[in-house]
Amino acid sequence: MQEDIDTIAANIADWTQANAEHTDASAEKAWAHPGILWGVFAIPEEQVGALPESVDGLDVVELGCGTAYFGSWLQRRGARVTGVDPTPAQLATARRMMAKTGIEFPLVEAPGEAVPLPDAAYDLAVSEYGASLWADPYRWIPEAARLLRAGGLLVFLVNSTLVYLCAPDGEGVVGQELQREQFGMYRIQWDGAIGVEYHLAHGDWIELLHENGLEVEALHELRPQPGAVDPAYYDFVTVEWAEKWPAEEIWVARRA
Ligand SMILES: C[S@@+](CC[C@H](N)C(=O)[O-])C[C@H]1O[C@@H](n2cnc3c(N)ncnc32)[C@H](O)[C@@H]1O
């Protein structure tokens with residue numbers, strides 16, 4: 001990919017388009033869901049156990065909150081959520097949903113790489129394919145660590161390393177053959193994409209988290225439930241594939 005690209009601007013442009021094409025229209029259904037779901041196969045949190053058993057009374061920051069449905073699920077459970085996202089269109093949808101549902105919390109327009117919020121102010125930092133996929137990990141992980149109180153938890157969802165390695169360059173679903181190298185994996189602009197994604201290998205995630213005072217407590221490799229169907233919109237992977245190999249993973253790390 002072009003090395004001098006302004007990745008933050010590219011990702012805002014990408015998500016402005018995604019908002020017009022899909023996320024604004026799908027926000028209502030996502031906000032209305034009573035449970036907390038993870039990933040493209042909508043796996044219930046009760047089956048995964050990535051979040052604290054109760055979020056009631058916790059100060060939570062969501063990095064790359066998008067239309068803020070994930071934050072709304074936590075707010076409904078008694079958390080005090082602040083959503084952070086750099087794309088104005090996504091935040092406009094979040095505000096529209098807040099007005100409609102009466103579930104209100106602060107929203108801040110900023111990228112995960114530079115968050116204008118105070119140090120050590122949060123018990124939980126979450127990212128559900130937000131900063132975790134679209135911000136530079138060498139910049140957003142230090143920000144997450146800075147925002148967390150001692151003992152606070154960072155929980156984030158990303159594509160698995162194997163998905164990254166086996167994904168085709170352009171259209172199509174993840175296959176069974178390695179398509180690229182693992183050593184050096186970091187950022188990628190898929191063929192025809194506006195935005196730039198970030199993917200790290202497991203060793204690099206562990207090292208980066210550790211360097212920022214975050215100790216890994218769990219790596220949940222998500223497996224679709226029996227009866228799961230192929231994703232309708234984020235259709236990069238099939239159930240058949242994801243029943244054999246982890247397509248998505250949730251990292252849980254605690255601030256020392
Ligand atoms: C898949 S959506 C996140 C979905 C979100 N969990 C929700 O509840 O709607 C990805 C989001 O990442 C945001 N994003 C793009 N670049 C980013 C960056 N540098 N830092 C943080 N978030 C970013 C996009 O604006 C978009 O809203």
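Residues numbered from 1 in each chain as written. Predicted model: local features only at pLDDT ≥ 70, side-chain atom pairs only at ≥ 80, totals over all residues. Heavy atoms only, no water.

K.L.:
For this particular structure, what's the right way to read the pairing of strand β7 (residues 148-159)?
P.N.:
Looking down a regular strand, the side chains alternate between one sheet face and the other. Extensive coverage of β7 is indicated by the burial of 9 of its 12 residues. Across 6 bridges, strand β6 (residues 122-128) lies against β7 in parallel orientation. Among the inter-strand pairings, Ala125 is bridged to a residue of β7, identified as Leu154. (Buried < 20%, exposed > 50% of the residue type's maximum accessible area, 1.4 Å probe, protein only. Helix = DSSP H or I, 4+ residues; strand = E, 2+ residues; numbered from the N terminus. Pairing = 2+ DSSP bridges.)

K.L.:
I'm lost on the site of the ligand in this one. Help?
P.N.:
Around the ligand there are 23 residues in total, and Asp85, Thr87, Gln90, Gly112 and Glu128 lie nearest to it. The backbone of Phe70 places a nitrogen or oxygen atom 3.2 Å from an oxygen atom of the ligand. Within the side chain of Gln90, a nitrogen or oxygen atom sits 2.9 Å from an oxygen atom of the ligand. Notes on the ligand: free accessible area 610 Å², of which the protein chains cover 97%. For the shell around the ligand, the elements supplying multiple residues, two or more each, are α1 (7-32), α3 (69-76) and α5 (131-134). In terms of residue class, the shell around the ligand is built from 11 nonpolar, 8 polar and 4 charged. (Near = heavy atom within 4 Å. Polar contact = N/O pair within 3.5 Å; in protein donor to acceptor, adjacent residues only side chain to side chain. Areas by Shrake-Rupley, 256 points an atom, 1.4 Å probe, with all protein chains shown as cover. Nonpolar A, V, L, I, M, F, W, Y, C, P; charged D, E, K, R; others polar.)

K.L.:
Is there a simple way to think about the sheet that holds strand β10 (residues 214-221) in this case?
P.N.:
The strands making up a sheet associate through hydrogen bonds between their backbones, and the pairing can be parallel or antiparallel. Strand order in the open sheet made by the 7 strands is β5-β4-β3-β6-β7-β11-β10, with mixed pairing throughout. Only two strands of the sheet have a single neighbouring strand rather than two, namely β5 (107-109) and β10. The average angle at which neighbouring strand axes cross in this sheet is 15°, direction not considered. Of the strand pairs in this sheet, β10 and strand β11 (residues 248-255) are connected by 7 bridges, and their pairing is antiparallel. (Axes fitted to C-alpha atoms, helices over the stretch in contact; angles between N-to-C directions.)

K.L.:
Would you mind going over the packing of helix α6 (residues 137-147) against helix α8 (residues 202-211) with me for this structure?
P.N.:
A pair of packed helices is characterised by two quantities: the angle between their axes and the separation of those axes. At a closest axis distance of 10 Å, the pairing of α6 and α8 adopts a crossing angle of 40°. On the basis of their axis angle, the class for α6 and α8 is oblique. Considering only the axes of α6 and α8, their crossing is right-handed. For the pair α6 and α8, the contacting residues are Pro137, Tyr138, Trp140 and Ile141 in the first and Asp204, Trp205, Leu208 and Leu209 in the second. Looking at the contact of α6 with α8 residue by residue, the class counts come to 7 nonpolar, no polar and 1 charged. (Parallel < 35°, antiparallel > 145°, perpendicular 65-115°, else oblique. Left-handed = near helix turned anticlockwise from the far one by under 90°. Contact = heavy atoms within 4.5 Å.)

K.L.:
Explanation requested: the nonpolar core in the structure shown.
P.N.:
Soluble globular proteins tend to bury their nonpolar side chains together. If you look at the biggest cluster of nonpolar residues, it comprises 57 residues, and the most contacted ones within it are Trp38, Leu51, Leu74, Val155 and Ile250. Setting aside residues up to four positions removed in sequence, Leu51 forms contacts with Ile36, Trp38, Glu45, Phe70, Leu74, Leu124, Val126 and Val155. Among the nonpolar cores identified, the runner-up in size contains 28 residues, and Ala145, Phe156, Val158 and Leu200 belong to it. (Core = buried A, V, L, I, M, F, W, Y, C linked by side-chain atoms within 4.5 Å.)

K.L.:
Help me understand unusual backbone geometry in this model?
P.N.:
Most peptide bonds take the trans form, and the phi angle of most residues other than glycine is negative. With phi around 50°, Ala42 is a residue other than glycine that occupies positive phi space. Inspection of the secondary structure assignment puts Ala42 in the loop between β1 (37-38) and β2 (43-44). Judged by its relative accessible area of 34%, Ala42 falls in the partly exposed class. Despite not being glycine, Ala68 has its phi angle at roughly 70°, a positive value. Here Ala68 lies in the loop between β3 (59-63) and α3. Exposure remark for Ala68: the relative accessible area of 0% places this residue in the buried category.

K.L.:
So what exactly am I meant to see when it comes to the confidence of the model for the protein here?
P.N.:
Caution is warranted with low-pLDDT regions, since their predicted coordinates should not be read in detail. Taken as a whole, the protein shows an average pLDDT of 96; of its residues, 99% reach a score of 70 or greater. Strand β8 (residues 187-188) is the least confidently modelled element of the protein, averaging 96 in pLDDT, while β3 averages 99, the highest of any element. (pLDDT = per-residue confidence, 0-100.)

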